[in-house]
Amino acid sequence: MTVKLEVSEGVGTIRLDRPPMNALDIATQDGLRELAEEASRREDVRAVVLYGGEKVFAAGADIKEMQVMDHAAMVVRGRALQDSFTAVARIPKPVVAAVTGYALGGGCELALCADFRIAGENAKLGQPEILLGLIPGAGGTQRLARLVGPSKAKDLIFTGRQVKADEALAIGLVDQVVPADEVYERAVAWAARLAKGPAIALRAAKESIDVGLETDIDTGLAVERNWFAGLFATEDRARGMRSFVEEGPGKAKFL
């Protein structure tokens, strides 16, 4: 397997393992979808880390594999490619990308599927597909523009240039920059903190935000309203309010 799911203390790490550059071939794309769906189902996984190892996150698609594909083949494969990344984006739990080294093309698109991105000081991110006469095909034109705004997304996609960690932080492409050897530890710590939180409320928050970004505000408000009311039926809500009244804020222990 070129991608693995490892679970420890509520945190599931989806680990790319296709040296030397974690090129995202078809088998790896399909593995991402399968493991994202597994992480979504498993009750012992309460938060997820996306990780490519100490040296590289993912340097993009397998170009040699793609080179032999014609239009008809990509019409069929293109949907499966997007579906693999969408499965990661729709994991109904907090997801953090731990980015070291290169996150280019599909690698950058995979990082965009996370809720939060922690990058090493050695990270370089970008969408270089234009240099191949292509555009991003795994969600980059949509998720990047939503994250950093259309002008910055067009700059990166039109030019294909790579951005270093400091610029990525400045434009909002990543959320935190740390020494490269601390990336995975920081990502696990972020995930572990949220793994102790109220799972259904976290799911509600993620879905409300994500759906709201993809629709009009009235629909988004309706999603929020329905989740908000629905959470009053959960044990976590009862625990949280009881703890607040009896002990003060921030001390509740959730199931």
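The structure presented is a predicted model; accordingly, all values stated were derived computationally and were not measured.

### A look at the overall build of the protein chain
Looking only at helices and strands, the protein chain has 11 helices and nine strands in total. Here the C-alpha atoms of the protein chain give a radius of gyration of 19 Å, agreeing with the 18 Å that 2.2 N^0.38 yields for 255 residues. For the protein chain, the C-alpha atoms occupy an extent of roughly 65 × 40 × 35 Å along the three principal directions. Looking at the protein chain as a whole, 44% of its 255 residues are labelled buried. Partitioning the contacts of the protein chain with sequence separation of at least 6, the portion at a separation of at least 24 is 68%. Here the protein chain has roughly 13,400 Å² of accessible surface; of this, 56% comes from carbon and sulfur atoms. Charge-centre separation for the protein chain: the mean point of 32 positive side chains lies 2 Å from the mean point of 36 negative side chains.

### Looking at helix α9 (residues 199-213)
Taking 1.5 Å per residue, 15 residues should reach 21 Å; α9 reaches 21 Å between its end C-alpha atoms and fits that length. Every buried residue belonging to α9 is among Ala204, Lys206 and Ser208, and all of these are buried. The elements touched by buried residues of α9 are α3 (71-89), β4 (95-99) and α10 (217-230).

### Details of the layout of surface pockets
The calculated volume of the largest pocket comes to roughly 890 Å³. Elements supplying a minimum of two residues to the lining of the largest pocket: α3, α5 (140-148) and α9. A class-by-class count of the residues in the lining of the largest pocket yields 12 nonpolar, seven polar and 12 charged. Looking at the second largest pocket, its volume works out to about 740 Å³.

### Some words on the sheet that holds strand β7 (residues 124-126)
Here three strands make up an open sheet; going across it, the order is β5-β7-β8 and the pairing mixed. Unpaired on one side and paired on the other, β5 (102-104) and β8 (162-164) mark the two borders of the sheet. Direction aside, neighbouring strands of the sheet carry axes that sit 20° apart on average.

### Some points on the sheet that holds strand β3 (residues 47-51)
Either a parallel or an antiparallel arrangement is found when strands of a sheet pair, and the pairing is made through backbone hydrogen bonds. The strand order β1-β2-β3-β4-β6-β9 describes an open sheet built from six strands, whose pairing is mixed. Unpaired on one side and paired on the other, β1 (3-8) and β9 (176-178) mark the two borders of the sheet. Direction aside, neighbouring strands of the sheet carry axes that sit 20° apart on average. As defined by bridge partners, β4 adjoins strand β6 (residues 116-120) across four bridges and the pair is classed as parallel. Pairing of valine 99 across the sheet is with alanine 119, part of β6.

### Here's the deal with the pairing of β3
Of all five residues in β3, five are buried, a share of seventy percent or more. Residues Ala47, Val49 and Tyr51 point to one face of β3 and Val48 and Leu50 to the other, with burial holding for every one of them. Judged from the five bridges that link them, strand β2 (residues 11-16) and β3 form a sheet pairing that is parallel. Opposite isoleucine 14, over in β3, you have leucine 50 as the bridge partner.

### Notes on a negative patch on the surface
A contiguous patch of negative charge, built from Glu54, Glu121, Asp181 and Glu185, is present on the exposed surface. The residue glutamate 185 is located in helix α8 (residues 183-195) in this model. Classification of glutamate 185 as exposed rests on a relative accessible area of 57%.

### What to know about unusual backbone geometry
That bond from proline 19 to proline 20 is cis: its omega, 5°, falls within 30 degrees of zero. Within the element layout of this structure, proline 20 appears in the loop between β2 and α1 (26-41). Here the phi dihedral of glutamate 9 falls at roughly 50°; this positive angle occurs in a residue that is not glycine. Within the element layout of this structure, glutamate 9 appears in the loop between β1 and β2. For glutamate 9, a relative accessible area of 78% translates into the label exposed. Here the phi dihedral of asparagine 22 falls at roughly 55°; this positive angle occurs in a residue that is not glycine. Secondary-structure assignment places asparagine 22 in the loop between β2 and α1. Residue asparagine 22 is classed as buried on the basis of its relative accessible area of 4%.

Reading the values: the criteria
- Residues numbered from 1 in each chain as written.
- Predicted model: local features only at pLDDT ≥ 70, side-chain atom pairs only at ≥ 80, totals over all residues.
- Heavy atoms only, no water.
- Helix = DSSP H or I, 4+ residues; strand = E, 2+ residues; numbered from the N terminus.
- Rg over C-alpha atoms; globule rule 2.2 N^0.38 Å.
- Buried < 20%, exposed > 50% of the residue type's maximum accessible area, 1.4 Å probe, protein only.
- Contact = heavy atoms within 4.5 Å.
- Areas by Shrake-Rupley, 256 points an atom, 1.4 Å probe, with all protein chains shown as cover.
- Lys, Arg positive; Asp, Glu negative; His and termini not counted.
- Charge placed at Lys NZ, Arg CZ, Asp CG, Glu CD.
- Expected span 1.5 Å × (residues − 1).
- 1 Å grid on protein atoms, 1.4 Å probe; cavity = no way out; pocket = protein on both sides within 12 Å on 5 of 7 lines; lining within 4 Å.
- Points joined across faces, edges and corners; volume = space filled by probe spheres on them.
- Nonpolar A, V, L, I, M, F, W, Y, C, P; charged D, E, K, R; others polar.
- Pairing = 2+ DSSP bridges.
- Axes fitted to C-alpha atoms, helices over the stretch in contact; angles between N-to-C directions.
- Patch = residues over 30% accessible without salt bridge, like charges linked within 9 Å, V, L, I, M, F, W, Y side chains within 5 Å.
- Salt bridge = Lys/Arg side-chain N within 4 Å of Asp/Glu carboxyl O.

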